[in-house]
Amino acid sequence: MFLIRKIYDDSTSANQAAIAQAQAILRAQFSGLSEGDVAKLPDQLHDPLKHRFHAQLLAAENAHGELRGFALLLHAPDLHFAYLEYISAAPGGTGGGIGGALYERVREEAAALNVMGLFFECLPDDEALSHDPEIRAQNTARLKFYERYGARPLANTAYETPLKAGDDNPPYLVMDRLGSDQPLGRNEARRIVRAILDRKYGELCPPDYVEHVINSITDDPVQLRAPRYIRRSTRKTAPAPLRDRRIALIVNDKHDIHHVRERGYVEAPVRIKVILQQLEKPGFFERLPARKFPRSWIRSVHDRDFVQYLMHACARVPEGKSVYPYVFPIRNATRPPRELPLRAGYYCIDTFTPLNRNAWLAALGAVDCALTGAQCLLDGYHVAYALVRPPGHHAERRSFGGFCYFNSAAVAANYLSRYGRVAVLDVDYHHGNGTENIFYRRADVFTVSLHGHPRVTYPYFSGFEDERGEGAGLGYNLNIPLQEGLDGAGYREHLARALKHIARFAPHYLVLALGLDTAKGDPTGSFTLTYRDFHENGRMIGALGLPLLVTQEGGYRTRSLGQNARHFFEGLWEGTHPARQASGNPRRPGKATRG
Ligand SMILES: [Zn+2]
């Protein structure tokens, strides 16, 4: 079992570990590579200007973080092509489908980049170019594998000219059209081949060699070699469905066990139901089951004694009953009351968030959904939506409240922070005090919240502008408190400011705490946003282009809640895939309709 994770840079220890393992695979599997070529891998990832390619490492990792194989995909946005520099399984691990899974993922990623083709080198299967029968048999197997995808060497060119006369196994240049019928024009092919030779082999290839190869490209359009191994009918040429063209939807199935039936308890199961009903309309959601994650992920953002307390206190509440905190021992924190119900106030910020058996179970389920969504981003989804209750953003490191028990968004943001910088944007009507509190001293997670002004809005004690972070985290918390009664246009001005700050932080992942209680008529809010406003907000957030995990927070006007959620995601979809709205990349007409 392995998962393929996309790595954009070497800024975190998890990425550094994967890159180091990829380098070990290179040394073991590519005996002809110089140590300099191996050493430059991290630099290729973080310096696209110098290498004139944007590089991404696709790492196939098992559950223990061991690299079972990898591919290094280079993108030349100036010439609209992708180049597969390496693809390799770890030594002894060629079975298990790793090579095939990696190549299919490479094709998905290349297609998502809207390139005109994927190019790579492959050693020849021609006896005149490959003398050793054993090596030639391996080369044949590889070319046959790629031919299944319609990828074949360029025909009638001198690309496979040995650098030194008599060198064995000069590589072909293979092109995978990624299922497109668009011909490769001669001039375009010449520009691409020149870029490959210059950018990759600049120091190896003398200028007259480059000119010789370029001038040998005379067919217009350029032809690929005729299929040699695979009959046309069995070739699969269209890339697999693009994961990043769907939104992973993870629903907390067990949410409805948590049902507080007291009058006025607006955080009710029907909230999920009305949202789910509306999400059936757009065709871009893919429902996935929640996975179970170790509880240590919760303890990495919540204090151990708080987690223990919630577990024990919830378990002791008789079936069907709820306990509300009613004593708040603010003066002597070292002597919490011995009675568990009395102690509730020691860990809670308000009087209306009850403890009961099912609250605990539902809160655990919500965390698993958020973590599953985070994992989806690592697996290649561009957007994941954890549709959960109870919400989480009011839960602090050691306190619950505001209908929240565990801060699912914060648990997921912390999980993602192992793989890159994370921004958390909280658009709930109420300040995300829990998320602020959890990351207040950290610079690797930037927390931003837009909310009703705490002078007049829950939670009243936090969400002010001057809370900017502490220690290493100073400057990494941004609060934008807003006046009461704000409308959609006014809201967007502030949202634009928040997004500008996030873009400046340049996160690798964005977590969105999506509260829809900014809607007109919400019983807990005062803003007047309509479904059109949610559509526009979604579009603005999607246009950031960041891998995005959305967690459901508030939103209590069930008459409009589902519709507002749907419009938000439709807007998000538009913002994320602008090609669908505009005419798309003119080089590949019709491509945007494929996913
Ligand atoms: Zn709220």
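Residues numbered from 1 in each chain as written. Predicted model: local features only at pLDDT ≥ 70, side-chain atom pairs only at ≥ 80, totals over all residues. Heavy atoms only, no water.

*Asks:* Looking at this structure, I do not really get the overall build of the chain. What am I missing?
*Replies:* Check the secondary structure of the chain and you find 19 helices and 15 strands. Since a compact globule built from 595 residues should have a radius of gyration of about 25 Å, the 27 Å found for the chain is in line with a globular shape. Counting only C-alpha atoms and orienting by the principal axes, one finds that the chain spans roughly 85 × 45 × 45 Å. For the chain, the residues scored as buried account for 57% of the 595 residues in total. Intrachain contacts of the chain at a sequence separation of at least 6 include 77% that bridge at least 24 residues. (Helix = DSSP H or I, 4+ residues; strand = E, 2+ residues; numbered from the N terminus. Rg over C-alpha atoms; globule rule 2.2 N^0.38 Å. Buried < 20%, exposed > 50% of the residue type's maximum accessible area, 1.4 Å probe, protein only. Contact = heavy atoms within 4.5 Å.)

*Asks:* Sorry, what's going on with the pairing of strand S8 (residues 247–251) here?
*Replies:* Two faces make up the sheet, and in a regular strand the side chains alternate between them. Burial of S8 is extensive: five of the five residues sit out of reach of the surface. Here S8 shows two buried faces, one formed by Ile247, Leu249 and Val251 and the other by Ala248 and Ile250. Here S8 runs beside strand S10 (residues 383–387); their pairing, made up of five bridges, is parallel. Residue Ala248 lies in a different strand from S10, and its bridge partner there is Ala384. (Pairing = 2+ DSSP bridges.)

*Asks:* Honestly, the coordination of the zinc ion in this entry has me stumped. Any pointers?
*Replies:* Around a metal, the perfect tetrahedron of four donors has angles of 109.5 degrees, and the perfect octahedron of six donors has angles of 90 or 180 degrees. Around the zinc ion, the protein contributes the donor atoms Asp428 (OD), His430 (ND1) and Asp517 (OD), at 1.9 to 2.1 Å from the metal centre. Taken in chain order, the donor set of the zinc ion reads D-x1-H-x86-D. Judged by its relative accessible area of 1%, Asp428 is buried. A relative accessible area of 8% means that His430 is categorised as buried. (Donors = N, O, S within 2.8 Å, 3.2 Å for Na, K, Ca; no water.)

*Asks:* Sorry, what's going on with the side chain of Gln56 here?
*Replies:* Its place among the elements puts Gln56 in strand S2 (residues 54–61). Discounting chain neighbours no more than four positions away, the residues touching Gln56 are Lys6, Ile7, Leu45, Ala71, Leu72, Leu73, Glu109 and Leu113.

*Asks:* What is the right way to read the sheet that holds strand S9 (residues 285–287) from this model?
*Replies:* Backbone-to-backbone hydrogen bonds join strands into a sheet, with any given pair of strands oriented parallel or antiparallel. One open sheet holds the eight strands; their spatial order is S9-S8-S10-S15-S14-S11-S12-S13, and the pairing between them is parallel. Two strands close off the open sheet at either side, each with one partner strand: S9 and strand S13 (477–482). Within this sheet the neighbouring strands show an average axis-to-axis angle of 15 degrees, counted without direction. Here five bridges tie strand S11 (residues 422–426) to strand S14 (residues 509–514), and the two strands are oriented parallel to one another. For Leu425, the partnering residue across the bridge sits in S14 and is Leu512. Where helix H18 (residues 558–576) meets the sheet, it contacts S8, S9, S10, S14 and strand S15 (548–552), and its direction lies at approximately 160 degrees from that of S14. (Axes fitted to C-alpha atoms, helices over the stretch in contact; angles between N-to-C directions.)

*Asks:* Would you explain the side chain of Thr447 in this entry?
*Replies:* Looking at where Thr447 falls in the secondary structure, it is placed in strand S12 (residues 445–452). In this structure Thr447 comes out as buried when scored by relative accessible area, which is 3%. One polar contact links Thr447 to Asn477, side chain to side chain, over a distance of 2.6 Å. The residues touching Thr447, leaving out its near neighbours within four places in the chain, are Val424, Thr435, Glu436, Phe439, Tyr476, Asn477 and Leu478. (Polar contact = N/O pair within 3.5 Å; in protein donor to acceptor, adjacent residues only side chain to side chain.)

*Asks:* In this structure, what is going on with the sheet that holds strand S5 (residues 118–122)? I would like to understand it.
*Replies:* Judged by pairing direction, the sheet is mixed, and its seven strands sit side by side in the order S1-S2-S3-S4-S5-S7-S6 without closing on themselves. At either end of the open sheet lies a strand with only one pairing partner, and these are strand S1 (3–7) and strand S6 (152–153). Inspection of the sheet shows S2 paired to strand S3 (residues 67–76) by eight bridges, in the antiparallel sense. Residue pairing for S3: Leu57 is matched across the bridge by Leu72. Those strands touched by helix H7 (residues 186–201) are S3, strand S4 (81–89), S5 and strand S7 (172–176), and its axis lies near 50 degrees from that of S4.

*Asks:* What exactly am I supposed to notice about the pattern of salt bridges here?
*Replies:* Opposite charge on two side chains allows them to pair when their charged atoms are near. Within this structure, the stated rule accounts for 24 salt bridges. Residues Glu109 and Arg105 are paired through a salt bridge, measuring 2.8 Å at the closest nitrogen-oxygen approach. Taken as a pair, Glu109 and Arg105 lie in helix H5 (residues 98–112) at a separation of four residues, close to a single helical turn. Just as Glu109 is buried, Arg105 falls in that class too. A salt bridge links Glu470 to Arg441; the nearest nitrogen and oxygen atoms lie 2.5 Å apart. Here Glu470, found in the loop between S12 and S13, pairs with Arg441, found in the loop between helix H15 (433–439) and S12; they are 29 residues apart in sequence, far enough to count as distant. Via salt bridges that share partners, Lys6, Arg105 and Glu109 belong to a single interconnected network. (Salt bridge = Lys/Arg side-chain N within 4 Å of Asp/Glu carboxyl O.)

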